[in-house]
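Remarks on the overall topology
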Amino acid sequence: MPAERLLSAICPGSYDPVTNGHLDIIGRASEVFERVIVGVVDQAVRKTKTVFTAAERVAFIEEATAGLGNVEVKPFSNLLVDFARENSAKVVVKGLRAISDFEYEFEMNQLNRKMAPDIESTYMMAAPEYSFLSSSGVKELAMFGGDLEGLVPPAVARRLQEALER
Ligand code: ADP
């Protein structure tokens, strides 16, 4: 492992389902940190119900990151800062898309900082080609039979089409 890499980082999210935008951030984090733990929120924090169970969301990410030796995927249902501490991680990595993400992340950052000043949240800018890609957009596109190629891994595209037909 190159000596300049930092220790563990958490990439949290609902990942319903994982997109190539998420995978870009996870891959970039895995180049910087020694160990990356992708934390999949296993709880309806947001009011909307997820299309996939936490186990399914974890499995999609595991399959897509199988080539990255330092990435682990775990569900969590406690506070993010507690999950980070449990995993001995001091850094949280989040992706920032268009300006709209900023306000929400700014608020979350203040709350997390108040609860856990020892955990630092950091942000990676979304790649231009994924700046407008979201899980909710992908679900909407799939619902109307849109082409998901290049937006999500092929296995996710297949399962999403099946799930939405039900
Ligand atoms: P979504 O907002 O798509 O439901 P999540 O809640 O699962 O995504 O988000 C997990 C993390 O990934 C967040 O930090 C979010 O900002 C980031 N993210 C989501 N989509 C992208 C993207 N296309 N490019 C970069 N980061 C992203």
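Anything mentioned here points back to the structure above.
Anyway, here's the lowdown on the structure attached to this text. These numbers come from a predicted model, not from an experiment.

Our next topic: unusual backbone geometry. Between Asp-16 and Pro-17 the backbone carries a cis peptide bond, its omega angle lying at -5°. Here Pro-17 lies in the loop between strand 1 (6-13) and helix 1 (20-32). Positioned with a positive phi, Tyr-15 is a non-glycine residue whose angle comes to about 50°. Following the sequence through the fold, Tyr-15 ends up in the loop between strand 1 and helix 1. When its relative accessible area of 4% is taken as the criterion, Tyr-15 is described as buried. One non-glycine residue with positive phi stands out, namely Ser-88, at about 55°. Among the structural elements, Ser-88 can be located in the loop between helix 3 (80-86) and strand 4 (91-96). You can call Ser-88 exposed: its relative accessible area is 59%.

The full set close to the ligand counts 17 residues, and Ser-14, Tyr-15, Gly-95, Tyr-130 and Leu-133 are the nearest of them. Within the backbone of Tyr-130, an N or O atom sits 2.8 Å from a nitrogen atom of the ligand. For the shell around the ligand, the elements supplying multiple residues, two or more each, are strand 1, helix 1 and strand 4. With three residues, the top contributor of residues to the shell around the ligand is helix 1. Taken together, the residues of the shell around the ligand break down into six nonpolar, seven polar and four charged.

Taken as a whole, this structure holds three aromatic pairs when the rule is applied. Ring geometry for Phe-102 against Phe-106: centres 5.3 Å apart, planes inclined by 25°, an arrangement best described as stacked. Of this pair, Phe-102 and Phe-106 both sit in helix 4 (residues 100-115), four residues apart, which is roughly one turn of the helix. On the basis of relative accessible area, Phe-102 is assigned to the partly exposed category, the value being 47%.

Take the environment of Gly-150 next. Structurally, Gly-150 is set in the loop between helix 5 (135-143) and helix 6 (154-165). For Gly-150, a relative accessible area of 42% translates into the label partly exposed. Between the C-alpha atoms of Gly-150 and Pro-128, which are 22 residues apart in sequence, the distance is 14 Å. Apart from residues lying up to four places away in sequence, Gly-150 is in contact with Asn-20 and Tyr-130.

With that settled, the discussion passes to the environment of Val-93. Its place among the elements puts Val-93 in strand 4. Along the primary structure Val-93 and Pro-154 are separated by 61 residues, whereas in three dimensions their C-alpha atoms are 25 Å apart. Not counting chain neighbours up to four residues away, the residues in contact with Val-93 comprise Ala-9, Ile-10, Cys-11, Pro-12, Ile-25, Ala-29, Phe-33, Thr-122 and Met-124.

The contact between helix 2 (residues 54-64) and helix 6 brings their axes to 9 Å, and the two run at 155°. The angle between helix 2 and helix 6 falls in the class roughly antiparallel. Along the contact surface, helix 2 presents Glu-56, Phe-60 and Glu-63, while helix 6 presents Ala-155, Val-156 and Arg-159. Residue composition of the contact of helix 2 with helix 6, grouped by class: three nonpolar, no polar and three charged.

The rules we used
- Residues numbered from 1 in each chain as written.
- Predicted model: local features only at pLDDT ≥ 70, side-chain atom pairs only at ≥ 80, totals over all residues.
- Heavy atoms only, no water.
- Helix = DSSP H or I, 4+ residues; strand = E, 2+ residues; numbered from the N terminus.
- Buried < 20%, exposed > 50% of the residue type's maximum accessible area, 1.4 Å probe, protein only.
- Near = heavy atom within 4 Å.
- Polar contact = N/O pair within 3.5 Å; in protein donor to acceptor, adjacent residues only side chain to side chain.
- Nonpolar A, V, L, I, M, F, W, Y, C, P; charged D, E, K, R; others polar.
- Phe/Tyr/Trp six-rings, centres within 6.5 Å; stacked < 30°, edge-to-face > 60°.
- Contact = heavy atoms within 4.5 Å.
- Axes fitted to C-alpha atoms, helices over the stretch in contact; angles between N-to-C directions.
- Parallel < 35°, antiparallel > 145°, perpendicular 65-115°, else oblique.

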